[in-house]
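# Residue-level structure breakdown
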Amino acid sequence: SQVIQLALQRTQTSFDVDKTLLRGEAPPAVPDVIDWISKLPADIGMLGNDQYGDCFWAGQYHFSTGVLQYASGITNIETTANCLQAYAEATGFNPTDPNTDNGTDPTEGLTYHMNVGLPVGTEGGRRKLDGFFLCSPEHYLPVMFECGGLGLGIRVYANNMPDDGPPVDVWDYVPGSELKGLHWVIGAKYDKNEKLYHIETWGQSKQWALTENFVQNAVDCAYGLASGDWVNGSTGKTPLGLTKQDWSNVMAELKQ
């Protein structure tokens, strides 16, 4: 069943997006189409989110999958075991105890991802964020464009996820619709003509999208996610041409 536990706490942080956003300058011009999804496989792994409230951790692994694909041409889909390990380490989750399946505060989860890292592979490796920052609505698109994706904490309603069927493909905000729960997704594509934010969630990279009306009314929090994997190891640049040193300078600001 895709009627899953959607547990996520609304948060506030003291990160100042204005001093950390993108190169420390004004946001870059955003193209009509931002697309960090089309090269991904359609199925990028449910990662346990059909059984547990690990949507935050599944989303972070989906972000990692997209970053590696677009920066370095590497198709990497992690295991459910590693995703549940991250959830357990960071929150005390125990798959045998439903009382511990309470979701993840995104600020705490992102801090863990930055400082400790996500378990990856089979030999105990870790993949860390270099930084993250709270993102205001006017910066959603430039941050998605520059960073390879945007972390979104959203409210999901009955019109998006009806009791008698699967989630609809395009999620809109309808006042008065019953709140079903809270969820964490990665926004990774926007088409100015469609006016839709395409998201990666529940193992799918091409199925679901959010209307601008939904984004304006049902997003609880949004974060810029800065990963060192966004810099190609051979060229030393991000897909948009930022050098490794420039990127490191941005990351140093984000960690302050």
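Residues numbered from 1 in each chain as written. Predicted model: local features only at pLDDT ≥ 70, side-chain atom pairs only at ≥ 80, totals over all residues. Heavy atoms only, no water.

### Focus on the confidence of the model for the protein
Fine structural detail should not be taken from predicted coordinates in areas where pLDDT scores are low. Here the protein averages 86 in pLDDT, while 85% of its residues score no lower than 70. Least confident of the elements in the protein is helix α1 (residues 17-20), whose mean pLDDT is 40; most confident is strand β7 (residues 170-171), at 98. Here residues 1-24 is a poorly scored stretch, pLDDT under 50, and it has 75 contacts once near neighbours within four places are set aside; other chains count. (pLDDT = per-residue confidence, 0-100. Helix = DSSP H or I, 4+ residues; strand = E, 2+ residues; numbered from the N terminus. Contact = heavy atoms within 4.5 Å.)

### A few points about empty space enclosed by the protein
Per the counting criterion, the structure on display carries 1 cavity of 30 Å³ or more. Estimates place the volume of the largest cavity at around 50 Å³. Around the largest cavity, the lining residues are Phe63, Ser64, Val67, His113, Leu118, Arg127, Lys128, Leu129, Ser227 and Asp229. In terms of residue count, the dominant contributor to the lining of the largest cavity is helix α2 (residues 55-72) (3 residues). (1 Å grid on protein atoms, 1.4 Å probe; cavity = no way out; pocket = protein on both sides within 12 Å on 5 of 7 lines; lining within 4 Å. Points joined across faces, edges and corners; volume = space filled by probe spheres on them.)

### Examining the pairing of strand β5 (residues 129-134)
The buried fraction of β5 amounts to 5 of the 6 residues, a majority that puts the element mostly inside the structure. Judged from the 5 bridges that link them, β5 and strand β11 (residues 219-227) form a sheet pairing that is antiparallel. What sits directly across from Gly131, in β11, is Ala226. (Buried < 20%, exposed > 50% of the residue type's maximum accessible area, 1.4 Å probe, protein only. Pairing = 2+ DSSP bridges.)

### So, the side chain of Asn82
If you trace the backbone, Asn82 turns up in helix α3 (residues 80-91). Reaching out from Asn82, the side chain makes a polar contact with the backbone oxygen of Gly121 at a distance of 3.1 Å. Residues within four places of Asn82 in sequence aside, it is in contact with Tyr61, Pro119, Val120 and Gly121. (Polar contact = N/O pair within 3.5 Å; in protein donor to acceptor, adjacent residues only side chain to side chain.)

### What about the pattern of salt bridges?
A pair can form between side chains of opposite charge whenever their charged atoms are brought close. Evaluated as defined, the whole model comprises 5 salt bridges. Its salt-bridge partner being Lys192, residue Asp32 comes within 4.0 Å of it at the nearest N-O pair. Of the two residues, Asp32 is situated in the loop between α1 and β1 (33-35) and Lys192 in the loop between β8 (179-191) and β9 (196-201); the sequence distance between them amounts to 160 residues. Accessibility expressed as a relative area gives 48% for Lys192, which makes it partly exposed. In this structure, the salt-bridge partner of Glu89 is Arg126, at a minimum N-O distance of 2.8 Å. In this pair, Glu89 is assigned in helix α3 and Arg126 in strand β4 (residues 125-127), connecting sequence segments 37 residues apart. (Salt bridge = Lys/Arg side-chain N within 4 Å of Asp/Glu carboxyl O.)

### Here we look at α3
Here α3 spans 16 Å end to end across 12 residues, near enough to the 16 Å set by a 1.5 Å rise per residue. Every buried residue of α3 is accounted for by Asn82, Cys83, Leu84, Ala86 and Tyr87. Of the surrounding secondary structure, the elements contacted by the buried residues of α3 are α2 and β3 (118-120). One or two steps after α3, the chain reaches Gly92, where phi turns positive at roughly 85°. (Expected span 1.5 Å × (residues − 1).)

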